[in-house]
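Descriptive analysis of the structure
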Amino acid sequence: MALRQIRYVGDAVLTKVCREVTEVTPKIRDLIDDMFETMYEANGVGLAAPQVGILKRIVTIDVGEGQLVMINPRIIETAGSQTGEEGCLSLPGKAGIVTRPNYVKARAFDEEMQEFEIEGTELLARAICHEVDHLDGHVYTEKVEGELHDVVYEDQED
């Protein structure tokens, strides 16, 4: 496993639509491992492959319920809404208010290319929507209500 360089807003790779994954190769498995390591090192709850410069439809998420890998994810159902603060590893130190569905059902493939469905509410729903947006070349700042503001997280030092 290795840390990958996180791409920041302004990098053209974050505006591109990612390609579907057709098979999970050893290189893809290494990418997924690296994405988790990079996400944890940056204290994130989600990371999409384009955020580390790879234009493939892969996301990693861990909102405290264990690791979730989603390959070629598609959101198939949403309900309700939640409005709250959202940030992104590609725009460190900033956050903004974003409204997202409070419930999401998504279909994706796991590392064995077995299709599965997952349902999530609250933070998991927000994370799935946020990461799937990355795969389509969108960042959360497009949805921010009002202005971005500076944030400092407890485990960051001055």
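Relevant structure appears above.
Residues numbered from 1 in each chain as written. Predicted model: local features only at pLDDT ≥ 70, side-chain atom pairs only at ≥ 80, totals over all residues. Heavy atoms only, no water.

**So, the nonpolar core**
In terms of nonpolar packing, the biggest core is built from 20 residues, with V59, I61, L68, M70, I118, L124 and I128 touching the most fellow members. The greatest single-element share of this core, amounting to 7 residues, is contributed by helix α2 (residues 122–135). Not counting the four nearest positions on each side in its chain, L68 is found in contact with F36, V59, T60, I61, F116, I118 and L124. (Core = buried A, V, L, I, M, F, W, Y, C linked by side-chain atoms within 4.5 Å. Buried < 20%, exposed > 50% of the residue type's maximum accessible area, 1.4 Å probe, protein only. Helix = DSSP H or I, 4+ residues; strand = E, 2+ residues; numbered from the N terminus. Contact = heavy atoms within 4.5 Å.)

**Here we look at the state of the cysteines**
This model, assessed by the stated rule, comprises 0 disulfides. C88 provides the cysteine sulfur closest to C18, a residue in no disulfide bond, and the two sulfurs are 13 Å apart. The class of C18 is buried, set by a relative accessible area of 6%. Between C129, a free cysteine, and C88, which holds the nearest cysteine sulfur, the sulfur-to-sulfur gap is 14 Å. (Disulfide = S-S within 2.5 Å.)

**Re α2**
With 14 residues, α2 ought to run about 20 Å at 1.5 Å a step, and its terminal C-alpha atoms sit 21 Å apart, in line with that. Of all 14 residues in α2, 12 are buried, a share of seventy percent or more. Every buried residue of α2 is accounted for by L124, A125, R126, A127, I128, C129, H130, E131, V132, D133, H134 and L135. With its phi angle positive at about 85 degrees, G137 sits one or two positions after the end of α2. (Expected span 1.5 Å × (residues − 1).)

**Overview of the sheet that holds strand β3 (residues 68–79)**
Across the sheet, 5 strands lie side by side as β1-β2-β3-β6-β7; this open sheet has antiparallel pairing. With one partner strand each, in any of the chains shown, β1 (46–48) and β7 (115–121) form the two edges of the open sheet. The mean angle between the axes of side-by-side strands here comes to 40 degrees, regardless of whether they run parallel or antiparallel. Across 6 bridges, the pairing between β3 and strand β6 (residues 103–109) is antiparallel. The residue of β6 that forms the bridge with I75 is A106. Along the sheet, helix α1 (residues 26–41) contacts β1, β2 (58–61) and β3; its crossing angle with β2, the most-contacted strand, is approximately 40 degrees. Contacts between α2 and the sheet are confined to β1, β2, β3, β6 and β7, with β7 contributing the most and set at about 125 degrees to the helix. (Pairing = 2+ DSSP bridges. Axes fitted to C-alpha atoms, helices over the stretch in contact; angles between N-to-C directions.)

Interpretation in functional terms is not warranted from these geometric data alone.
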